[in-house]
Amino acid sequence: MRNIPIFSSDSHQFILLNESEPGEEDGIPSNQYLIVHEDSGVLLDPGGFGVMPRVLSELLNYLSPDKLKAIMLSHQDPDIVGGIATWLEISDAPVYVSSIWMRFLPHYGVSSMKRFVGVPDEGMQCSLAPGFNLELVPAHFLHSEGQINVYDPIAKVLFTGDIGAAMMPEGEDSPYVDDLTPHLPHIEAFHRRYMSSNRAARFWVEAVSNLDIDFIAPQHGPIYRGAAVPAFLEWFKKLECGVDLMVGSGRFQKKV
């Protein structure tokens, strides 16, 4: 899946820029997103080193790297941050990441942290250009201790990192989820094992329920829209996961 506009108007676009494919980078496919407002852009979770050339190629269909006003990292995993050193070379954009991961990023070949902005635990508002504002929403312990989401109030898209991520069977490449029920087998095991607890899930659902959301855009798998958005939030709010299922060291109450 490449270059799919989730939202598009005369001045604003939210684009599924690229979904990595087998051969581009080992591991599960990951989504990279681009937000374009007039002649300014924001890149969300640019991906590992292996996908960087393809992501750059797709980005150039919309703007040049010098027009990027920010790069947002939802958390610290290599499928998000692995290519960041190269992006720093071709763009002057500041990089936003949870403040608790700032000390780890030099391990990705980053020589200077001067352009990194540590996002506080409570999140923050980002004003990137006239009329172009994004909200960084905390999503701690889901699964990362310092995960942040990005809400675009114009497109009404919430980029959720690993929340909502799906492990899709090979050959299934629909870009959207409209009905949650048949999608559950692709998300349940991942969320039960990788999300930390129901308490963290409930706090997050309570927070994002105050936002006007038309689309939930995760870092892996298809995008939730329509009835699938409230259905996912209701399912996730009730999900037992992580430490909720532990009955001992290395032992779980149910298969996860």
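Residues numbered from 1 in each chain as written. Predicted model: local features only at pLDDT ≥ 70, side-chain atom pairs only at ≥ 80, totals over all residues. Heavy atoms only, no water.

J.: Any chance you could break down the sheet that holds strand 11 (residues 157-161) for me, citing the residues and the numbers?
T.: Across the sheet, 7 strands lie side by side as 8-9-10-11-13-14-12; this open sheet has mixed pairing. Looking at the sheet topology across the chains shown, the edges are occupied by strand 8 (124-129) and strand 12 (176-177). With 4 bridges connecting them, strand 9 (residues 132-138) and strand 10 (residues 148-152) associate as antiparallel partners. Of the residues in strand 10, the one forming a bridge with Val137 is Asn149. Those strands touched by helix 6 (residues 198-208) are strand 9, strand 10 and strand 11, and its axis lies near 165° from that of strand 11. Strands strand 12, strand 13 (215-218) and strand 14 (223-225) of the sheet are contacted by helix 7 (residues 228-238), whose axis makes an angle of about 110° with strand 14. (Pairing = 2+ DSSP bridges. Helix = DSSP H or I, 4+ residues; strand = E, 2+ residues; numbered from the N terminus. Contact = heavy atoms within 4.5 Å. Axes fitted to C-alpha atoms, helices over the stretch in contact; angles between N-to-C directions.)

J.: So what's going on with unusual backbone geometry? Residues and values would help.
T.: Omega for the peptide link from Leu142 to His143 comes to -5°, which places this bond in the cis form. Here His143 lies in the loop between strand 9 and strand 10. Its identity is not glycine, yet Asp45 carries a phi of approximately 50°, on the positive side. Here Asp45 is to be found in the loop between strand 4 (40-44) and helix 1 (52-59). Judged by relative accessible area, which is 0%, Asp45 ranks as buried. Phi is positive for Phe141, which is not a glycine, with a value near 70°. For Phe141, the position within the fold is in the loop between strand 9 and strand 10. (Buried < 20%, exposed > 50% of the residue type's maximum accessible area, 1.4 Å probe, protein only.)

J.: With reference to specific residues and values, describe helix 1.
T.: By the burial criterion, the buried members of helix 1 are Met52, Val55, Glu58 and Leu59. Projection of helix 1 onto a plane perpendicular to its axis shows the buried side chains occupying an angular sector of 130°, all on one side. (Arc of directions from axis to C-beta.)

J.: Explain the environment of Glu188 residue by residue, including any values.
T.: With respect to the element layout, Glu188 can be found in helix 5 (residues 188-194). Between the alpha carbons of Glu188 and Phe236 there is a distance of 9.5 Å; along the sequence they are 48 residues apart.

J.: Which residues make up the packing of helix 6 against helix 7, and what values go with them?
T.: At a minimum axis distance of 7 Å, the contact between helix 6 and helix 7 shows a crossing angle of 150°. What the angle tells us is that helix 6 and helix 7 run roughly antiparallel. Seen from helix 6, the contacting residues are Asn198, Ala201, Arg202, Trp204, Val205 and Val208; seen from helix 7, they are Phe232, Leu233, Phe236, Lys237 and Lys238. Here the residues of the contact of helix 6 with helix 7 sort into 7 nonpolar, 1 polar and 3 charged. (Parallel < 35°, antiparallel > 145°, perpendicular 65-115°, else oblique. Nonpolar A, V, L, I, M, F, W, Y, C, P; charged D, E, K, R; others polar.)

J.: How would you explain helix 7 if you had to name every residue and give the values?
T.: For helix 7, the set of buried residues is Ala228, Val229, Phe232, Leu233, Trp235 and Phe236. Down the axis of helix 7, the sector holding all buried residues measures 165°, keeping them to one side. Turning to helix 7, the residues buried within the fold contact strand 12, helix 4 (180-183), helix 5, helix 6, strand 13 and strand 14.

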